[in-house]
Amino acid sequence: MKIGAIAPFRIYNTNNSKSIPAFLGMKCSHSIMPDVSGDEFLRQQAELDKEALQAQKAKQRQVNVPKYNIKKTQDGGHVKSIRYETKGDIADVNENPIRYKHLRNLFDNLYYLDRAGIFHNDLDKSHVFFAKDGGVEFDCFKYSVDFKKYPNKLTGNDGSIRTPEFMFPSNEDTFKEHCLSEYVNRLDDNKKYYFVKEYLMMRHDYHCRRGDLLVSRHFPLKNRAVQYEDIQAEVFFNPSNHVVNYEIKKLECYGLKRKAFTEWDEGGGACGHEINPQRRFNAILLNLDCIDAFMDLRNEAKYLSKYAPTQAEKDYFAFEEELAQKRLDDTFSDTRGMGAWNFNDTEHRIFLGTQDEKEFFLALFDDIDTSNVLTAGKALRDAEGYYTDLIESWDEKLNKHHKNEFEKI
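Below is a summary of the structure that appears in this document. The model shown is predicted, which means the values in this text are computed figures rather than measured ones.

### Brief notes about helix H5 (residues 189-216)
And step 1. With 28 residues, H5 extends 40 Å between its outermost C-alpha atoms, agreeing within 8% with the 40 Å of an ideal straight helix rising 1.5 Å per residue.
And step 2. Backbone geometry just downstream of H5 places His-218 in the positive-phi region, at approximately 70 degrees.

Next comes the structure, spelled out in structure tokens:
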């Protein structure tokens, strides 16, 4: 039985900075630790202040935020603690499945966030709650970004909104990557297909509303952001097998990317985990798999943009080709940077290899031409093989040797 079924409320108390399992309905989020000072104290204080401000803003804009209580410092100038209470629980395929009654409320809340210009940026399974009565709630707004989208530009982006230029920032897309991908990938194939089809059909109205929102904000009807919303609304009204299967494949790519991110993040000590070099190394291998997966996704979208049975689907897959290419480019850039960082990561004291080995890896990586289907696969395997050999030969003794050599440079 899940904790949410035991306790009448799930409580988040920010009196401890580390995340712990949600025993008896209680879970700790972020707060200021008593032993921090200086810049770190100011950073954690700013996170708490932002959390409270953004939660209030979202609630005022009709987003269903759990009931929360804010305590302030004695001078009243800063937030001291925040406690959330929700009757919902995280989605679970067996114990708390996402049902049709949840989807309407889910898309309402995602749309309200979009309309308010709040990009949540952390809609993973621990921050989205599904109640037995069909209610859906979002919490944890400390990483959210306020944005404004104009016909020809996007303002307020701090780099975390990584959508193509034509796309109006979508909280549904980040929910899909951070939460839904893992949920769907736990379903068996038959249930997966029908769940995704039902989910897409509910997205029809979501995209209608987003398209109307853009028009109300004086976006021209021929603006690509408006056209993308309109074409999604059209194909999701009754999605074909091509569309459903493509969206399932996209969720698989998102799930793999999320797994790589988790390995990298937690391997670096995030969320109270111990620093683990092997997890940081594994994140690179997973990201190389992501590059391969996003190339396949892009190639499928390219093919279907020419040979899909209807013009609407052709137009939809043409947009999806651009979206997959953007994901591929971002993943490629991330993997290159992260892979190089592991060679001389002074912050986490991880030193995978020498400067020459780092440069050789980057040379192999730069030989990967993702636009060339024939050569990209072999180049990826070469880079993966070289990185794997370095990982298998690495140990703490060699790490210390590489550290000493790096400090001499």
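### Details of the pairing of strand S4 (residues 79-86)
And step 1. Within S4, six of the eight residues are buried, leaving the element largely enclosed by the surrounding structure.
And step 2. Taken together, the six bridges between strand S3 (residues 67-72) and S4 define a ladder with antiparallel strand orientation. Directly across from Tyr-68, in S4, lies its bridge partner Tyr-84.
And step 3. Taken together, S3 and the strand that follows it, S4, pair antiparallel across an intervening segment of six residues, in which Gly-76 is found at a positive phi of about 75 degrees.

### With respect to the environment of Glu-47
And step 1. As for its placement among the helices and strands, Glu-47 is situated in helix H2 (residues 38-60).
And step 2. Its relative accessible area of 16% is what places Glu-47 among the buried residues.
And step 3. The spacing of Glu-47 and Asp-133 is 86 residues in sequence and 32 Å in space, taken between C-alpha atoms.

### So, the environment of Leu-53
And step 1. Summarising the element assignment, Leu-53 is placed in helix H2.
And step 2. A sequence separation of 78 residues divides Leu-53 from Ala-131, and the C-alpha atoms of the two residues are 25 Å apart.

### Some words on a negative patch on the surface
And step 1. Together, Asp-212, Asp-230, Glu-234 and Asp-315 give the surface a local cluster of negative charge.
And step 2. Locating Asp-315 in the fold gives a position in helix H9 (residues 311-341).
And step 3. By relative accessible area, Asp-315 is classed as partly exposed at 31%.

### As for the environment of Arg-104
And step 1. In this structure, Arg-104 sits in helix H3 (residues 100-116).
And step 2. Distance from Arg-104 to Arg-203, taken between C-alpha atoms, is 9.1 Å for residues 99 residues apart in sequence.
And step 3. Dropping the residues within four chain positions of it, Arg-104 is found in contact with Met-202 and Asp-205.
And step 4. Side-chain polar atoms of Arg-104 contact the side chain of Asp-205, separated by 3.1 Å.

### With respect to the nonpolar core
And step 1. Among the nonpolar cores identified, the biggest contains 104 residues, and Phe-138, Phe-175, Phe-195 and Tyr-199 are the most heavily contacted of them.
And step 2. With 13 residues, the single largest contributor to this core is helix H8 (residues 277-307).
And step 3. With sequence-adjacent residues up to four places away left out, Phe-138 is seen in contact with Val-63, Asn-64, Val-65, Pro-66, Leu-106, Asn-109, Leu-110, Leu-113, Leu-123, His-127 and Val-128.

### Things to note about the state of the cysteines
And step 1. A complete count under the given rule lists zero disulfides for this structure.
And step 2. Cysteine Cys-179 shares no disulfide, and the gap to the nearest cysteine sulfur, in Cys-140, comes to 13 Å.
And step 3. Of the residues examined, Cys-179 reaches a relative accessible area of 4% and is grouped as buried.

What counts and what doesn't
Residues numbered from 1 in each chain as written. Predicted model: local features only at pLDDT ≥ 70, side-chain atom pairs only at ≥ 80, totals over all residues. Heavy atoms only, no water. Helix = DSSP H or I, 4+ residues; strand = E, 2+ residues; numbered from the N terminus. Expected span 1.5 Å × (residues − 1). Buried < 20%, exposed > 50% of the residue type's maximum accessible area, 1.4 Å probe, protein only. Pairing = 2+ DSSP bridges. Patch = residues over 30% accessible without salt bridge, like charges linked within 9 Å, V, L, I, M, F, W, Y side chains within 5 Å. Areas by Shrake-Rupley, 256 points an atom, 1.4 Å probe, with all protein chains shown as cover. Salt bridge = Lys/Arg side-chain N within 4 Å of Asp/Glu carboxyl O. Lys, Arg positive; Asp, Glu negative; His and termini not counted. Charge placed at Lys NZ, Arg CZ, Asp CG, Glu CD. Contact = heavy atoms within 4.5 Å. Polar contact = N/O pair within 3.5 Å; in protein donor to acceptor, adjacent residues only side chain to side chain. Core = buried A, V, L, I, M, F, W, Y, C linked by side-chain atoms within 4.5 Å. Disulfide = S-S within 2.5 Å.

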